[in-house]
Amino acid sequence: MRATNHKNRWLVKVPATTTNFGPGFDTFGAALSLYNEFIIEAIDDSLSSPDPPHPMVFETVKAFEKKIQSASIPFKWTVKSQIPQARGLGSSASIRLGILAGLNALSGNPLNREELLEIASELEGHPDNVTPALFGGFTICGPAKMLRCRIESKLFFVAFVPQIEIPTESSRRILPAEIKLKEAIQNLQRATLMAICFFEKKYETLSGLFVDYFHEPYRLPAIPFWEKLRDTSLKAGALGFYLSGSGSTLMSLAYKNPTNVVQALKEELLKLAIPGEILVLKPDNLGLRITHC
Ligand SMILES: Nc1ncnc2c1ncn2[C@@H]1O[C@H](COP(=O)(O)OP(=O)(O)OP(=O)(O)O)[C@@H](O)[C@H]1O
Ligand SMILES: N[C@@H](CCO)C(=O)O
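Conventions used here
- Residues numbered from 1 in each chain as written.
- Chains lettered and ligands numbered in written order.
- Predicted model: local features only at pLDDT ≥ 70, side-chain atom pairs only at ≥ 80, totals over all residues.
- Heavy atoms only, no water.
- Pairing = 2+ DSSP bridges.
- Helix = DSSP H or I, 4+ residues; strand = E, 2+ residues; numbered from the N terminus.
- Axes fitted to C-alpha atoms, helices over the stretch in contact; angles between N-to-C directions.
- Contact = heavy atoms within 4.5 Å.
- Core = buried A, V, L, I, M, F, W, Y, C linked by side-chain atoms within 4.5 Å.
- Buried < 20%, exposed > 50% of the residue type's maximum accessible area, 1.4 Å probe, protein only.
- Near = heavy atom within 4 Å.
- Polar contact = N/O pair within 3.5 Å; in protein donor to acceptor, adjacent residues only side chain to side chain.
- Areas by Shrake-Rupley, 256 points an atom, 1.4 Å probe, with all protein chains shown as cover.
- Nonpolar A, V, L, I, M, F, W, Y, C, P; charged D, E, K, R; others polar.
- Domains from an automatic or database assignment.
- Parallel < 35°, antiparallel > 145°, perpendicular 65-115°, else oblique.
- Left-handed = near helix turned anticlockwise from the far one by under 90°.
- Buried area = accessible area lost by both parts, 1.4 Å probe.
- Salt bridge = Lys/Arg side-chain N within 4 Å of Asp/Glu carboxyl O.

Draft legend 1. Seen up close, the sheet that holds strand β6 (residues 155–162). Taking strand neighbours across the sheet as the criterion, the four strands line up as β7-β8-β6-β9 in an open arrangement whose pairing is antiparallel. Edge positions in the sheet fall to β7 (240–243) and β9 (276–281), since each has one partner strand and no second. Taking each pair of neighbouring strands and ignoring which way they run, the sheet shows an average axis angle of 20°. Of the pairings in the sheet, the one linking β6 to strand β8 (residues 250–255) comprises six bridges and is antiparallel in character. Across the sheet, residue Val158 finds its bridge partner in β8, namely Ser252. Along the sheet face, helix α9 (residues 259–272) touches β6, β8 and β9 and points at about 175° away from the line of β9.

As structure tokens, then:
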């Protein structure tokens, strides 16, 4: 049996995330009050299960081992899952971070959070889910740099989660290789204004900034009812409406009170007979937490 850290069972709680916010493709993200909870436990090598491992977990363990330049401690994992899969709410980021943080703790914390972020961003292929999941709040990610701010609790994220699954990988493949300069400028202008609104907590000024040319025009056709829900949501007073991550979740931001937006969406969904779930979520300003258990 291998030597393991004496603290050999950890509970890792990872928040869901919403990203892009319209014009902030691959750049903006926020952590939400919906969680995946992982138990990561050291095991005796000889008890290892012969089952093929989860491919994402296998890949994550390999990346951790490469970074620490050593074989990792054998472990088993379970997840109590609230985050719906392939719906643009950061379920894959939660898997990668849950495993990385648990394995790091089992190994006596050889890596700091910035190093975990680097590994998880690399594995995901983009940093905008893993950054808020790890640090909480609203985050802006750039190459090798990130900034974050708290989000006040008067901002509500009203998520409509349709039954349609959209894997991120296929949803990225349909994006264009080039963008027109005029459209890039408009995205830049809106995204910059949006960032200031979040950092200065001027949430009401967010209204009108959610128009995007980078990804939504290519992805939204897969969700035929999006336009009707956007009109309903904005008419009911939402500050903005956007495709969360690569979809399929359609996100409305409500200021101070989400009731009108939720009610209007429920009525429209009933009228259109569209199956799915509405989740009223708050910002999570803590990010990933890990405790010995
Ligand atoms: N609770 C879970 N248990 C096991 N695997 C999971 C779980 N949640 C997510 N996954 C893995 O993550 C994949 C979904 O990742 P994908 O990147 O396509 O979507 P997402 O992360 O939910 O959305 P987005 O990246 O747009 O926010 C699933 O196919 C599965 O392999
Ligand atoms: N920014 C990424 C997020 C995926 O969750 C995308 O939209 O493809």
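Draft legend 2. Focus on the nonpolar core. One finds Val12, Val14, Ile40, Phe75, Leu97, Leu106 and Leu288 to be the most contacted residues of the largest nonpolar core, which totals 32 residues. Listed by contribution, the elements that provide at least two residues to this core are β1 (9–20), β2 (24–42), α1 (55–68), α2 (91–106), α3 (113–124) and α4 (130–135). With nine residues, α2 is the single largest residue contributor to this core. Grouped together as the second largest cluster of nonpolar side chains are 31 residues, Cys197, Phe210, Leu253 and Leu281 included.

Draft legend 3. Quick peek at the site of ligand 1. Around ligand 1 there are 17 residues in total, and His54, Gly90, Ser91, Thr168 and Ser246 lie nearest to it. Here an oxygen atom of ligand 1 and a backbone polar atom of Leu89 are 3.3 Å apart. Within the side chain of Ser246, an N or O atom sits 2.9 Å from an oxygen atom of ligand 1. Here ligand 1, which alone exposes 630 Å², has 82% of that area covered by the protein. Listed by contribution, the elements that provide at least two residues to the shell around ligand 1 are β3 (75–81) and α2. Among the elements that take part in the shell around ligand 1, α2 stands out by supplying three residues, more than any other. Across the shell around ligand 1, the residue classes tally to six nonpolar, 10 polar and one charged. Counting the residues that make up the shell around ligand 1, at least three belong to each of domain 1 (9–150 + 284–292) and domain 2 (155–281).

Draft legend 4. Highlighting the packing of α1 against α3. Following both chains from N to C, one finds α1 and α3 inclined at 135°, their axes separated by 10 Å at the closest point. The angle between α1 and α3 falls in the class oblique. As for how α1 packs across α3, the hand of that crossing is right-handed. Residues Glu59, Thr60, Ala63, Phe64 and Lys67 of α1 pack against Glu115, Glu118, Ile119 and Leu123 of α3. When grouped by side-chain class, the residues that make up the contact of α1 with α3 number four nonpolar, one polar and four charged.

Draft legend 5. The domain arrangement of the chain, seen in detail. Here the chain is described as being made up of domain 1 (9–150 + 284–292) and domain 2 (155–281). Relative to domain 2, the C-alpha centre of domain 1 lies at a distance of 25 Å. On the domain 2 side, the residues contacting the 28 residues of domain 1 number 40 residues. Summed over both sides, the interface between domain 1 and domain 2 buries roughly 2,400 Å², with carbon and sulfur atoms accounting for 66% of that surface. By the criterion of area lost to domain 2, the three top residues of domain 1 are Phe21, Pro23 and Arg87, representing 28% of everything that side buries. Here domain 1 is connected to domain 2 by two salt bridges.

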